[in-house]
Structures are given as structure tokens and as C-alpha cells.
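# A structural walkthrough
In case you want the letters, here they are:
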Amino acid sequence: MKPAILVLVAAIATVFFVLNPRIVVDHGRPIYLVSCRMEWSAHWLGAFGKGGLLGLYSLDNAAQAVVSSTPVEYVSKDEQMAMAMSTLMKPCR
């Protein structure tokens, strides 16, 4: 029984080391999970409301969703994508 538990703990530790996840919290509520090494994110908050995301997304797709729901027209799309990516990756700094 102990070897199975050790293997499970080692597998979980390896997954956390490889993915390097961070949970983004806003006002005490978790918003999404971002992987700092694999460039993916899991979104669940606001998924059933206006502009919410539910599921696993690459950081590019999540940033595009943020840009498309932001009504800022005086900034270019490239600058909007850069701002969205920096916002998504903020926990990894």
C-alpha cells in the first residue's frame, strides 16, 4: 500500500513541477488556473454569464476572448493582445 501512495505523490509532484500552475484569485474567489510553463489556462468563473469562459484554453485563445469582450477601439489589436497576455500571465511573474 505504501509504494502505491508514494507513486501517487511522486506523480502529483511531477505534474505540478511540469505544469507550474497558479490560481488567479479576485476578491477571495478563484477566477482561473494558468500554467506558467505549458501556456494553457482553465477558466470557470463567469462561464454562464456574459463574456465568461469555461474549459481549457491556450493563452492565445484566452487573450483573444478577453480582447473581443473589451470595447477599446483606440488601441490596436496587437496592443490589446499584449495587454491581455500580460494580464493572463501576471501570476507567473
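Notes on the structure follow. (Residues numbered from 1 in each chain as written. Predicted model: local features only at pLDDT ≥ 70, side-chain atom pairs only at ≥ 80, totals over all residues. Heavy atoms only, no water.)

## A word on the environment of leucine 33
By secondary structure assignment, the location of leucine 33 is in strand β2 (residues 29-35). Separated by 23 residues in sequence, leucine 33 and leucine 56 place their C-alpha atoms 9.3 Å apart. Each residue touching leucine 33, except ones within four places of it in the same chain, is listed here: Pro21, Arg22, Ile23, Trp40, Ser41, Ala42 and Trp44. (Helix = DSSP H or I, 4+ residues; strand = E, 2+ residues; numbered from the N terminus. Contact = heavy atoms within 4.5 Å.)

## Details of the sheet that holds strand β1 (residues 21-26)
Here we have 4 strands laid out as an open sheet, ordered β1-β2-β3-β4, and antiparallel in their pairing. Because the sheet does not close on itself, it has two edges, and the strands there are β1 and β4 (55-58). Looking at each pair of strands side by side, their axes are set apart by 25° on average, direction ignored. Looking at chain direction, β1 and β2 are connected through 6 bridges and run antiparallel. If you follow valine 24 over to β2, its bridge partner there is tyrosine 32. (Pairing = 2+ DSSP bridges. Axes fitted to C-alpha atoms, helices over the stretch in contact; angles between N-to-C directions.)

## Quick word on the pairing of β2
Following β1, the chain reverses through 2 residues before pairing antiparallel with β2; histidine 27 in that reversal takes a positive phi of roughly 55°. As judged from the 4 bridges shared by β2 and strand β3 (residues 40-43), these two strands associate in the antiparallel manner. If you follow valine 34 over to β3, its bridge partner there is serine 41.

## Section: the environment of cysteine 36
When you line up the elements, cysteine 36 lands in the loop between β2 and β3. Since its relative accessible area comes to 18%, cysteine 36 is described here as buried. Residues cysteine 36 and asparagine 20 lie 16 residues apart in sequence; the distance between their C-alpha atoms is 5.5 Å. Not counting the four nearest positions on each side in its chain, cysteine 36 is found in contact with Leu19, Asn20, Arg22, Met89 and Cys92. (Buried < 20%, exposed > 50% of the residue type's maximum accessible area, 1.4 Å probe, protein only.)

## So, the environment of valine 18
Tracing the chain through its elements places valine 18 in helix α1 (residues 2-19). When sequence neighbours within four positions are dropped, the list of residues in contact with valine 18 reads Arg37 and Met38.

## Focus: the side chain of serine 41
Mapped onto the fold, serine 41 is located in strand β3. Overall, serine 41 belongs to the buried group, its relative accessible area being 0%. With sequence-adjacent residues up to four places away left out, serine 41 is seen in contact with Tyr32, Leu33, Val34, Gly55, Leu56, Tyr57, Leu59 and Ala62.

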